[in-house]
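Spelled out from the first residue to the last, the chains are:
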Amino acid sequence: MAELRVGILGGSSLLGERALPLLADTVCQVSAFTRGELKASSARVVWRDADDWHGVELDAFLSFAPIWVVPSYLERLSASKVRRVVVLSSTSRFIKEQSPDPRERALAQCLIRAEDCVRKWAQERGVEWVILRPTMIYGFGRDKNIAEVARFIRRFGFFPLIGGGVGLRQPVHVDDVVQACMAALNTPCVESGSYNLSGGEVLAYRTMVARIFQAQGIPERMLPLSAGLLSLAISAMRCLPRYRHLSAALVARMSQDLVFDHSRASGHFGFLPRPFHLSDGDLPE
């Protein structure tokens, strides 16, 4: 079997760290591009500066970096003669497009523009393209979703909810996202397009939080708050560096259903995500 030449962007991310050993174990020669410190290369994985594409020829390209970064690499990808690109976006392009928070709306527009740019570039050049949109990613205590809730519970011993926390969620594990990326990369004649990657279980926000309490062995204490009071609390928390990313708009979303159909990914490349379950390894240290 011919060796597959794969370029990867975002190899130092959590997703990238989980993907690189899988790529190295297959018939792949990997060029891992980074703007950080170069790691030690191996027989299968060669680390390169993100601007060092000299002599690079690729069969496929996989990006774990924010999708709005990818357009700046498209000219280099054209020169590499790549035949397939797989990039990660997010279902936030739908969730935050109509958000009352201007920062969230701007994020959604960044995702939409980048997706459109990648699609147009690939179609004009006859390159196979796959855009994967995960929902709420969790795993190994390093995500910004479940891990943040776990840290809050551990620190304060309770979790605030509005409206009963009835909005539906589908958390998806890091390794399930990585497996989808591997499948999209390796499936022969994959159908170009966009695919949602949601978790294998639909559960209410309140149930999701309850499982985070249970996984940490902390007595379940949920504090009902009004939307206004919780919004004020979040605004105050944003003064702290750890919580600067929070938005008062997430308060309203506690009661919204954020459910996305992943059957297309299942049908085209066998995506079979697990139910929401937190092992000890999925909790923050």
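Placed above this text is the structure.
Numbers given for residues are sequential positions, taken from 1 along each chain in its written order. Totals for whole chains, interfaces and linings use every residue, but because this is a predicted model, local features are given only for residues with pLDDT of at least 70 and side-chain atom pairs only at 80 or more, for both listing and counting. Water and hydrogen atoms play no part in the side-chain values, which are based on all heavy atoms of the structure.

1. With respect to the nonpolar core
Nonpolar side chains in soluble globular proteins tend to be buried together. Ranked by size, the top nonpolar core spans 36 residues in total, and within it Leu-15, Phe-64, Leu-132, Val-177, Cys-181 and Phe-269 carry the most contacts. Every helix listed is a DSSP run of H or I at least four residues long, and every strand listed is a run of E at least two residues long, numbered separately from the N terminus. For this core, the leading source of residues is helix α6 (residues 174-186), giving nine residues. Setting aside anything within four residues of it in sequence, one finds Val-177 in contact with Leu-15, Leu-88, Pro-134, Ile-137, Val-172 and Leu-197. Phe-159, Leu-161, Ala-210 and Phe-276 belong to the second-largest nonpolar core, a separate cluster that totals 25 residues. Buried residues of nine kinds, namely Ala, Val, Leu, Ile, Met, Phe, Trp, Tyr and Cys, make up a nonpolar core once their side-chain atoms join them within 4.5 Å. Remark: exposure states derive from per-residue accessible area (1.4 Å probe, protein chains only) relative to the maximum for the residue type, with buried under 20%, exposed over 50%, and partly exposed in between. What makes two residues a contact is simply this: any of their non-hydrogen atoms within 4.5 Å.

2. A look at the pairing of strand β4 (residues 60-63)
Burial along β4 is two-sided: Ala-60 and Leu-62 and Phe-61 and Ser-63, pointing in opposite directions, are all buried. By the bridge criterion, four bridges tie strand β1 (residues 4-9) to β4 in an arrangement that is parallel. Note that in β4 the partner of Gly-7 across the bridge is Phe-61. Being paired, for any two strands, means DSSP has found at least two bridges between them. Relative to strand β5 (residues 84-88), β4 runs parallel, the two being bridged by four bridges. Pairing of Leu-62 across the sheet is with Val-86, part of β5.

3. What to know about the packing of aromatic side chains
Each Phe, Tyr or Trp ring (for Trp, its six-membered ring) is paired with any other whose centre lies within 6.5 Å, and the angle between the two planes then decides the class: stacked below 30 degrees, edge-to-face above 60, tilted in between. Under the counting rule described, the total for this entry stands at eleven aromatic pairs. Grouped by ring-pair contacts, the aromatic residues Phe-152, Phe-156, Phe-158, Phe-159 and Tyr-205 constitute a single cluster. Positioned above the aromatic ring of Tyr-195 is the side chain of Arg-264, whose terminal nitrogen or guanidinium carbon lies 4.2 Å from the ring centre. Any Lys NZ or Arg CZ that is within 6 Å of a ring centre and within 35 degrees of that ring's normal is treated as a charge sitting over the ring.

4. A closer look at α6
For a helix, the expected span equals 1.5 Å multiplied by the number of residues minus one. Between its terminal C-alpha atoms α6 stretches 19 Å, which fits the 18 Å expected from 13 residues at 1.5 Å a residue. The element α6 is largely enclosed, with a buried count of eleven among its 13 residues. Listed in full, the buried residues belonging to α6 are Val-174, Asp-175, Asp-176, Val-177, Val-178, Ala-180, Cys-181, Met-182, Ala-183, Ala-184 and Leu-185.

5. Focus on helix α8 (residues 227-237)
Every buried residue of α8 is accounted for by Leu-230, Ile-234 and Met-237. Each buried residue of α8 lies within a common arc of 60° when the element is viewed along its axis, so the set occupies one face. Against the buried residues of α8 lie α5 (146-156), β8 (159-161) and α9 (249-253). Comment: arc refers to directions from the helix axis out to C-beta atoms.

6. Details of the side chain of Asp-59
If you trace the backbone, Asp-59 turns up in the loop between β3 (45-49) and β4. Looking at Asp-59, the relative accessible area reads 7%, which means it is buried. In terms of polar contacts, Asp-59 uses its side chain to reach the backbone amide nitrogen of Arg-5, at 2.8 Å. Apart from residues no more than four positions distant in its own chain, Asp-59 is found in contact with Glu-3, Leu-4, Arg-5, Val-82, Arg-83 and Arg-84. A 3.5 Å cut-off defines polar contacts: any pair of N or O atoms within that distance qualifies, except that in protein one atom must be a possible hydrogen donor and the other a possible acceptor, and neighbouring residues in sequence count only when both atoms are side-chain atoms.

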